[in-house]
Amino acid sequence: QAFWNLQAFRTRLLAEPHHANRTSCMCCYCELKALFQECSVSEANCLPPDGLRRALSSVYFANGRFKAGDMEDASETLDALLGILHACHLEQRSPAIP
C-alpha cells in the first residue's frame, strides 16, 4: 500500500518494461509490477499479494523470513522491497557479465 499510494512510483513502475531476471531480483520486481497492474484494472478493494509473498520468501529463504503463513511487519516488508528494488536497479545499470 505504501508504494501504491506514491503516485510517481506507481506511474513509473507501471510504465517500465519487464526486465531480464537476474540474481537478487528473484521476480519480486515482476511480482510487484504484476500486482500494481492488477490493482490498476481491478474493482476489488483488496487483492491477494500471494505472488509477491512467494517471491519475498524465495529471496529471504536462507534467513527464514517471509515464510508462507508467517506475518511480517509492514515496515520490514517495505524495507525488504526497497532493498530488492535497489539491487534490481543496480543490476540493470551494470553491464552484463559474459
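This is a predicted model, so every value here is computed, not measured.

The rules behind each value
- Residues numbered from 1 in each chain as written.
- Predicted model: local features only at pLDDT ≥ 70, side-chain atom pairs only at ≥ 80, totals over all residues.
- Heavy atoms only, no water.
- Helix = DSSP H or I, 4+ residues; strand = E, 2+ residues; numbered from the N terminus.
- Buried < 20%, exposed > 50% of the residue type's maximum accessible area, 1.4 Å probe, protein only.
- Contact = heavy atoms within 4.5 Å.
- Areas by Shrake-Rupley, 256 points an atom, 1.4 Å probe, with all protein chains shown as cover.
- Axes fitted to C-alpha atoms, helices over the stretch in contact; angles between N-to-C directions.
- Parallel < 35°, antiparallel > 145°, perpendicular 65-115°, else oblique.
- Nonpolar A, V, L, I, M, F, W, Y, C, P; charged D, E, K, R; others polar.
- Expected span 1.5 Å × (residues − 1).

A short note on the overall build of the protein chain
What the protein chain contains, in helices and strands, is 4 helices and 0 strands. The secondary structure elements of the protein chain, listed N-terminal to C-terminal, are α-α-α-α. Taking all 98 residues of the protein chain together, 27% fall into the buried category. Long-range contacts, defined here as pairs at least 24 residues apart, represent 49% of the contacts in the protein chain between residues at least 6 apart. Accessible area for the protein chain stands at about 6,900 Å²; split by element, carbon and sulfur atoms hold 57% of it.

Let's talk about the packing of helix H1 (residues 7–15) against helix H2 (residues 28–41)
Packing of H1 against H2 leaves a shortest axis separation of 10 Å and a crossing angle of 105 degrees. In terms of axis orientation, H1 runs roughly perpendicular to H2. When H1 is examined against H2, the residues Phe-9, Arg-10, Leu-13, Leu-14 and Ala-15 are found in contact with a partner set consisting of Tyr-29, Leu-32, Lys-33, Phe-36, Gln-37 and Ser-40. Partitioned by chemical class, the residues of the contact of H1 with H2 number 7 nonpolar, 2 polar and 2 charged.

Here we look at H2
With 14 residues, H2 should reach 20 Å at 1.5 Å per residue; the first-to-last C-alpha distance of 20 Å fits that figure. All of the buried residues along H2 are Cys-28, Tyr-29, Cys-30, Leu-32, Lys-33, Leu-35 and Phe-36.

Describing the side chain of Arg-10
By the secondary structure assignment, Arg-10 is in helix H1. Beyond its immediate sequence surroundings of up to four residues, Arg-10 is in contact with Phe-3, Trp-4, Asn-5 and Phe-36.

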